[in-house]
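# Examining the three-dimensional arrangement
Here is how the chains run, residue by residue.
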Amino acid sequence: MFGRSVLMDQTVEHIARHYGEDDRGNDAWIEEEPVEVEYCSVQPLDSVEYLTAAADQTVSRWQFFGPPDMGLKGTDWIKADGTTYEVDGESSVARSVAPFLTHTTAILKEVKG
């Protein structure tokens, strides 16, 4: 029973993605329709600013927590509070002896610039 917590108070959109063919027959990332997922939390971790002659870029990382049965994969996106994040690496299910503590966890990445 995973659910209500003052820390898990966000509803996010899970955008599943897979590699396939677009409607013109080209290899492309295919995005599924977003699915709302309740009882999530997106928390800030760190950010790095890259300054080069060609471009300036900021990469921010966020910690994601969600229900254990959401099926999050390393190719998916999470949209929270109007921002779309990439899953950075693979997600995992953190298991616990208390079923209500078992959850999905992942690092999210936002790139600007």
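Data block above holds the structure.
Anyway, here's the lowdown on the structure attached to this text.

Cut-offs used in this document
- Residues numbered from 1 in each chain as written.
- Predicted model: local features only at pLDDT ≥ 70, side-chain atom pairs only at ≥ 80, totals over all residues.
- Heavy atoms only, no water.
- Helix = DSSP H or I, 4+ residues; strand = E, 2+ residues; numbered from the N terminus.
- Buried < 20%, exposed > 50% of the residue type's maximum accessible area, 1.4 Å probe, protein only.
- Contact = heavy atoms within 4.5 Å.
- Areas by Shrake-Rupley, 256 points an atom, 1.4 Å probe, with all protein chains shown as cover.
- Salt bridge = Lys/Arg side-chain N within 4 Å of Asp/Glu carboxyl O.

Below, the discussion takes up the overall build of the chain. When helices and strands are counted, the chain shows zero helices and nine strands. Each helix and strand of the chain, placed in order from N terminus to C terminus, yields the pattern β-β-β-β-β-β-β-β-β. Across its three principal directions, the C-alpha atoms of the chain cover 50 × 40 × 25 Å. Counting all 113 residues of the chain, 31% fall into the buried class. Considering only intrachain contacts with a sequence separation of at least 6, the fraction spanning at least 24 residues in the chain is 53%. Working note: accessible area of the chain is about 7,500 Å², and carbon and sulfur atoms make up 49% of it.

What follows is about the pattern of salt bridges. All chains considered together, the criterion is met by two salt bridges. The salt bridge partner of R61 is D88, with a shortest N-O separation of 3.4 Å. Separated by 27 residues along the polypeptide, R61 in strand β5 (residues 56-66) and D88 in the loop between β7 (83-87) and β8 (92-94) bring together distant segments of the chain. A relative accessible area of 27% places D88 in the partly exposed class.

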